[in-house]
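# Structural features, examined
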Amino acid sequence: MIHLCEVGARDGLQNEKKHVATEDKVALIEQLMDAGVKKFETASFVNPKVVPQMADAEAVMAALPDRDDITYAGLVLSRSGLERALATKVDRLHITAATSDTFNQKNVRRTVSESVEELSDVVEDASAAGRPSAAILSTVFGCPYEGEVARDRVFRAAEAFLGAGVQEIVLADTTGMANPVQVKETVTEFKKYFGDEVPLGLHFHNTRGLGLANVAAGYEAGVRMFDAALGGLGGCPFAPNAVGNVASEDMIHMFQEMEIETGIDLEVMLSTSKWLETVMEKTLPGMVMKAGPASQLA
């Protein structure tokens, strides 16, 4: 069974120049709930001057329905962000740090060790408030400024966050530098280092066209939790030439064609992706929305 964390409302929209209204963000999430998606990264609690698209984080959370079967996650990068998040109905906190010092400095003006130390305190405070958390480690598969990132650096950061109380680790390819062999090797080494008891997710961008291939490689290595964004929206302002996330509908289509259970209604997801194009007023990168499911052609 595949477990999708839909990150379109946060990672998908954060770098978009077109302002997206609160009601459209809520409508996006609600339509994907109707498709069967159970977990969402709904917003980030960051400085609105830095990321204006996320200025309505509290309003989005207040407008979402209360549902016991849905998990709402919010991105937090600081103690002030934590305080904002805890004042909402966010179920789960996502904290993130790069594993490359240069990338992390450009992103949050801190070294990796400084971010890990600060965010570990955030995780502990969140746990004390009854909110579980996940750590998203970026540049795991390469940094555009430093090149290859040693896996022991990745594992040390993961170990520190697990020690602080995070309940899940997500290895992220924010810059789109991963390849399938590298993904398999990294996941295999992670599982050898930490064992299978540590929940592991993967987050890929499609910068060089390998997003779905990397998802498939992660699946073959034993991962069942994946981030993706509807339509393939997304991009990081600190990653040169970065493009969007793996498109949720393309990933779900791939797994369904492989006869792997996802629990998601692809037709509803595709309809929502077409609606999202009208909201964004542009063609989105997702492929299946344009070509249609392969099974319909047989």
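Structure: see above.
Since this is a predicted model, take the numbers as computed values, not measurements.

This part takes up the layout of surface pockets. Its boundaries defined by the atoms lining it, the largest pocket holds a volume of some 1,000 Å³. Among the secondary structure elements, those contributing two or more residues to the lining of the largest pocket are helix 1 (8-12), strand 2 (39-44), helix 4 (79-86), strand 4 (92-98), helix 5 (101-108), helix 6 (112-128) and strand 5 (133-138). Here the element with the most residues in the lining of the largest pocket is helix 5; it accounts for five residues.

This part covers the sheet that holds strand 4. The strand order around the closed barrel formed by eight strands is 1-2-3-4-5-6-7-8, and the pairing between neighbours is parallel. Shown here is a sheet whose adjacent strand axes are inclined to one another by a mean of 25°, direction ignored. The pairing of strand 2 with strand 3 (residues 71-75) spans five bridges and is classified as parallel. For serine 44, the partnering residue across the bridge sits in strand 3 and is leucine 75.

All right, on to the nonpolar core then. Core analysis: the biggest nonpolar cluster contains 89 residues, and Ile169 and Leu171 have the highest contact counts within it. Once you skip the residues sitting within four places of it in the chain, isoleucine 169 turns out to touch Ala135, Leu137, Ala158, Leu162, Phe190, Val198, Pro199, Leu200 and Gly201.

Quick notes on the rules
- Residues numbered from 1 in each chain as written.
- Predicted model: local features only at pLDDT ≥ 70, side-chain atom pairs only at ≥ 80, totals over all residues.
- Heavy atoms only, no water.
- 1 Å grid on protein atoms, 1.4 Å probe; cavity = no way out; pocket = protein on both sides within 12 Å on 5 of 7 lines; lining within 4 Å.
- Points joined across faces, edges and corners; volume = space filled by probe spheres on them.
- Helix = DSSP H or I, 4+ residues; strand = E, 2+ residues; numbered from the N terminus.
- Pairing = 2+ DSSP bridges.
- Axes fitted to C-alpha atoms, helices over the stretch in contact; angles between N-to-C directions.
- Core = buried A, V, L, I, M, F, W, Y, C linked by side-chain atoms within 4.5 Å.
- Buried < 20%, exposed > 50% of the residue type's maximum accessible area, 1.4 Å probe, protein only.
- Contact = heavy atoms within 4.5 Å.

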